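Given next are the chains, with one letter for each unit.
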Amino acid sequence: PKEQKASKKKELPKELRQDPPILRVLGSGLVALEPLLVGEPLVSEVCNFGVIRTLETDNLIALRDAKKNKNKKAKKAPEPRKSKTKVP
């Protein structure tokens, strides 16, 4: 038991690596800088560039649409007709 505790203490902590950030232009727009000229230390602007499309989201949308089309085809199959006459 003492040897196990000693070996655990000797283990070096894991090194964490950070990947470089992925830079991508999502859109562009004008920002009013008048508050800076007036003396404000901060300029705040809310930007909404819509939904970011990626290859993964495009694949998910294609799968969803394929399932919908498959279900529509299955529902269009003709059902056996029931007779309107009553059987005594």
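In this text the structure is predicted, and so the values were computed from the model without any measurement.

Caption draft 1: Representation of the overall build of the protein chain within the structure. Regarding its fold elements, the protein chain presents three helices and zero strands. By residue count, 0% of the 88 residues in the protein chain fall in the buried class. Of the roughly 10,400 Å² of accessible surface on the protein chain, 58% is carried by carbon and sulfur atoms.

Caption draft 2: Just the pattern of salt bridges, in detail. With the rule as written, the count across this model stands at two salt bridges. A salt bridge links Asp-58 to Arg-53; the nearest nitrogen and oxygen atoms lie 3.1 Å apart. Of the residues examined, Arg-53 reaches a relative accessible area of 65% and is grouped as exposed. A salt bridge links Arg-64 to Asp-65; its shortest N-O distance comes to 3.6 Å.

Caption draft 3: Structural view of the environment of Thr-57. One can find Thr-57 in helix α3 (residues 55–75). A relative accessible area of 30% places Thr-57 in the partly exposed class. A polar contact is formed between the side chain of Thr-57 and the backbone oxygen of Thr-54, at a distance of 2.9 Å.

Caption draft 4: Expanded view of a nonpolar patch on the surface. A grouping of Leu-26, Phe-49 and Ile-52 is seen on the molecular surface, where their side chains present a nonpolar patch of about 290 Å² in accessible area. Residue position: Leu-26 is located in the loop between α1 (2–10) and α2 (34–38).

Caption draft 5: Seen up close, the confidence of the model for the protein chain. On average, residues of the protein chain carry a pLDDT of 77, and 68% of them reach 70 or more. Summarising per-element confidence for the protein chain, the mean pLDDT is lowest in α1 (57) and highest in α2 (90).

Reading guide: rules and limits
- Residues numbered from 1 in each chain as written.
- Predicted model: local features only at pLDDT ≥ 70, side-chain atom pairs only at ≥ 80, totals over all residues.
- Heavy atoms only, no water.
- Helix = DSSP H or I, 4+ residues; strand = E, 2+ residues; numbered from the N terminus.
- Buried < 20%, exposed > 50% of the residue type's maximum accessible area, 1.4 Å probe, protein only.
- Areas by Shrake-Rupley, 256 points an atom, 1.4 Å probe, with all protein chains shown as cover.
- Salt bridge = Lys/Arg side-chain N within 4 Å of Asp/Glu carboxyl O.
- Polar contact = N/O pair within 3.5 Å; in protein donor to acceptor, adjacent residues only side chain to side chain.
- Patch = residues over 30% accessible without salt bridge, like charges linked within 9 Å, V, L, I, M, F, W, Y side chains within 5 Å.
- pLDDT = per-residue confidence, 0-100.

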